[in-house]
Amino acid sequence: MPELPEVEVLKRSLEPHLVGRRIRSVEVREVRLREPVRPKLLARHCAGRRIVRLRRRSKYLLADLEGGYTLVIHLGMSGRLTLAEPATPAEPPELHEHVTFLLAPGGASRKPQRLRFRDPRRFGLVLSLKTATLDRDRHFAHLGVEPLSEAFSGGLLAHRAAGRRAPVKSFLMDARNVVGVGNIYVCEALFRAGIHPFRSAGRIALRRWDTLAGAIVEVLCRAIEQGGTTLNDFLDGEGNPGYFRTALDVYGREGEPCRRCRRPIRRKVLSQRSTFYCPGCQH
DNA sequence: CGTAGACCCTGCGCGC
DNA sequence: TGCGCGCAGGGTCTAC
């Protein structure tokens, strides 16, 4: 479900509600996520602690807590993190609501609330780590550059891609090279840059890397402005969908005419992922 | 080291 | 209506 724009939108939507607010307790009713949830550890790090700030790294949402710990949440493919009004005692949790954070009154709300983590496919992740050493943790240590940071550039990508024979699409989706770019936005950025997704990463000229880096930044920023892309079930923390779907040029448009040249958009499978592109505009 | 492929899991929409 | 199939925005692990 979520790529960088969706996680960024989620973060911004939750910020006014969560920053400064205290977590009362944590309920875990399913530990079998991408990695086993550790309920006792999570409770020890979270319970009674205030959320100091929210951050995003790659597709991870981070909540720094008092006491030097950071709550780490990844939505995988089907995860959703939403605020809910106080639960009445009789109200059951949602189906697949694996973790619930009970929040004390505060932030934008005078009432206690629940922050609900729901994830049918269980590819997501909920854990807590020491804030000071987060970057050295195995989840983060290998991660590449943030595409919306100053450090990101075509030159950086070109340097890393030198000599690589893998398709440029695979190269861009490898988080060791650049983070946050998933299957939707990689297709969109490659279309905007006029680059064929199957072209070897090592066989792209520097000028085209500059164009591509610009296209990545552009498409991510536009998507954030539109609240992300809702295909089936993406919602932000307040339950709002995103509206970037109508702006997609190639993703999910197999057989439909290219907006630029009118030739039908093609779909091919690359490492088990659908890859959409225009055979006329991308080379 | 880089690369290709299998795998993890549930739900949905489609054609029959 | 029911069933089987392919598909889905994530990441990790293995074999070569």
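Predicted model only: the values in this text are computed from it and were never measured.

Just checking my understanding: could you explain unusual backbone geometry for this structure?
Backbone geometry follows two general trends: most residues other than glycine have a negative phi, and most peptide bonds adopt the trans configuration. Here Arg-122, not a glycine, exhibits a phi torsion of approximately 60 degrees, which is positive. By secondary structure assignment, the location of Arg-122 is in the loop between strand 7 (113-118) and strand 8 (125-130). Even without a glycine there, the phi angle at Gln-272 is positive, about 65 degrees. Looking at the secondary structure, you find Gln-272 in the loop between strand 9 (266-270) and strand 10 (273-277).

Please explain the protein's contact with DNA strand B as it appears in this structure.
Every residue lining DNA strand B is accounted for by His-96, Pro-120, Arg-121, Arg-122, Phe-123, Arg-164, Arg-165, Ala-166, Pro-167 and Gln-272. In the model, a phosphate oxygen of DNA strand B is placed 2.6 Å from a nitrogen or oxygen of the Arg-165 main chain. In this structure, Gln-272 approaches DNA strand B through a side-chain N or O atom, which is 2.7 Å from a base nitrogen. Considered class by class, the residues forming the surface near DNA strand B number four nonpolar, two polar and four charged.

I tried to follow the nonpolar core on my own but got confused; where do I start?
If you look at soluble globular proteins, the nonpolar side chains tend to sit buried side by side. In this structure, Leu-157, Val-168, Leu-172, Trp-209, Leu-212 and Ile-216 are the most contacted members of the largest nonpolar core, which totals 42 residues. Among the secondary structure elements, those contributing two or more residues to this core are helix 1 (4-18), helix 3 (154-161), helix 4 (168-173), helix 5 (183-193) and helix 6 (206-225). Looking at this core element by element, the count peaks at nine residues for helix 6. Not counting chain neighbours up to four residues away, the residues in contact with Leu-157 comprise Phe-152, Phe-171, Leu-172, Val-178, Trp-209, Ala-213 and Ile-216. If you look at the next biggest cluster of nonpolar residues, it comprises 26 residues, including Ile-23, Cys-46, Ala-63 and Val-126.

Analysis parameters
- Residues numbered from 1 in each chain as written.
- Chains lettered and ligands numbered in written order.
- Predicted model: local features only at pLDDT ≥ 70, side-chain atom pairs only at ≥ 80, totals over all residues.
- Heavy atoms only, no water.
- Helix = DSSP H or I, 4+ residues; strand = E, 2+ residues; numbered from the N terminus.
- Near = heavy atom within 4 Å.
- Polar contact = N/O pair within 3.5 Å; in protein donor to acceptor, adjacent residues only side chain to side chain.
- Nonpolar A, V, L, I, M, F, W, Y, C, P; charged D, E, K, R; others polar.
- Core = buried A, V, L, I, M, F, W, Y, C linked by side-chain atoms within 4.5 Å.
- Buried < 20%, exposed > 50% of the residue type's maximum accessible area, 1.4 Å probe, protein only.
- Contact = heavy atoms within 4.5 Å.

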